[in-house]
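Next come the chains, spelled out residue by residue.
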Amino acid sequence: YPKAEEYYRRGAALAVQSGNLFQLARFKNTTAVALQHTGDTAGALRNYNAALALFEAVGNQPAAIEVIINKGGLLMDQRRFQEALDLLSSLLLKDEVADSVLLGVLYTRIAHGWQQLKQYRMALGYDLRALAVRRKMGYPLSISSSMINVASDYFLLDRADSGEYYIKHGLDVALRYNMRNLVQNAYRH
């Protein structure tokens, strides 16, 4: 992550030189993600806010929504689950969230927040919505991830039979595509 951050900062400097605010915003967002992974939450928040302001200035609402979703993830990392849920749920009212990839991520993040608050039925509802969106897109890895998330919710609701169904299918896809992180997540559940 430190090396990635260095390249993102270089890219941001080039975007400033060329006057490309959209690219500058993208570099600010990716820098924030790298900083978040290193634990620099203050730096991540500063860069998310800068990216959000720039995306709004250039009128790219879907990109701004992606940044807000990322900020919600940062709040969750800080265990500020209700605050994250409030922020993320506000996005559901925006027309620009019609993008399937963003909608799938948004539903998944909201489900994670509910799961952390031990509201497993709410989590299941959002994970099922994410799965439905991802099935329409047809991306096997996203579908696998959602199936594993749904399985987790069912296990937490003491519905092991349903959990086993989803975990088996999610794990099969993860193994087929050699997605180690998904395989690990499935076995953890």
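In this report, we go over the structure that sits alongside the text. (Residues numbered from 1 in each chain as written. Predicted model: local features only at pLDDT ≥ 70, side-chain atom pairs only at ≥ 80, totals over all residues. Heavy atoms only, no water.)

So, on to the overall build of the chain. Tallying secondary structure elements over the chain gives 10 helices and zero strands in all. Sequence-ordered secondary structure for the chain, helices as α and strands as β, is α-α-α-α-α-α-α-α-α-α. Against the 2.2 N^0.38 benchmark of 16 Å for 189 residues, the chain shows a C-alpha radius of gyration of 18 Å, consistent with a compact globule. Of all 189 residues assigned to the chain, the portion counted as buried reaches 44%. Counting only contacts in the chain whose residues sit at least 6 apart along the sequence, the fraction spanning at least 24 positions is 48%. Surface summary for the chain: the accessible area is close to 10200 Å², and the carbon and sulfur share equals 52%. Each charge class in the chain was averaged separately, 22 positive and 17 negative side chains, and the resulting centres sit 3 Å apart. (Helix = DSSP H or I, 4+ residues; strand = E, 2+ residues; numbered from the N terminus. Rg over C-alpha atoms; globule rule 2.2 N^0.38 Å. Buried < 20%, exposed > 50% of the residue type's maximum accessible area, 1.4 Å probe, protein only. Contact = heavy atoms within 4.5 Å. Areas by Shrake-Rupley, 256 points an atom, 1.4 Å probe, with all protein chains shown as cover. Lys, Arg positive; Asp, Glu negative; His and termini not counted. Charge placed at Lys NZ, Arg CZ, Asp CG, Glu CD.)

Phe55, Ile69, Leu88, Leu91 and Ile110 are the most contacted members of the largest nonpolar core, which totals 37 residues. Mapped onto this core, the elements with two or more residues apiece are helix H1 (2–18), helix H2 (21–38), helix H3 (41–58), helix H4 (61–77), helix H5 (81–91), helix H6 (100–116) and helix H7 (120–137). At nine residues, H4 tops the list of elements feeding residues into this core. Setting aside residues up to four positions removed in sequence, leucine 88 forms contacts with Ile68, Ile69, Gly72, Met76, Leu106, Arg109 and Ile110. Core analysis: the next-biggest nonpolar cluster, separate from the first, contains 17 residues, Leu124, Met147, Ala174 and Leu182 among them. (Core = buried A, V, L, I, M, F, W, Y, C linked by side-chain atoms within 4.5 Å.)

What follows deals with the packing of H5 against H6. Relative placement of two packed helices is described by the angle separating their axes and the distance separating the axes. Running from N to C, H5 and H6 cross one another at 150 degrees; their axes reach a closest spacing of 9 Å. With respect to H6, the element H5 is oriented roughly antiparallel. When you trace H5 past H6, the crossing you get is left-handed. Seen from H5, the contacting residues are Phe81, Leu85, Leu88, Ser89 and Leu91; seen from H6, they are Leu106, Arg109, Ile110, Gly113, Trp114 and Gln116. Considered class by class, the residues forming the contact of H5 with H6 number seven nonpolar, three polar and one charged. (Axes fitted to C-alpha atoms, helices over the stretch in contact; angles between N-to-C directions. Parallel < 35°, antiparallel > 145°, perpendicular 65-115°, else oblique. Left-handed = near helix turned anticlockwise from the far one by under 90°. Nonpolar A, V, L, I, M, F, W, Y, C, P; charged D, E, K, R; others polar.)

Enumeration over the complete set of coordinates arrives at four aromatic pairs. With centroids separated by 6.0 Å and ring planes inclined at 45 degrees, the aromatic side chains of tyrosine 107 and tyrosine 126 adopt a geometry described as tilted. In this pair, tyrosine 107 is assigned in helix H6 and tyrosine 126 in helix H7, connecting sequence segments 19 residues apart. With relative accessibility at 12%, the residue tyrosine 126 sits in the buried group. An aromatic cluster of at least three residues, connected via ring pairs, comprises Tyr154, Tyr165 and Tyr166. Against the face of tyrosine 126 rests arginine 129, its NZ or CZ located 4.5 Å from the ring centre. (Phe/Tyr/Trp six-rings, centres within 6.5 Å; stacked < 30°, edge-to-face > 60°. Lys NZ or Arg CZ within 6 Å of the ring centre and 35° of its normal.)

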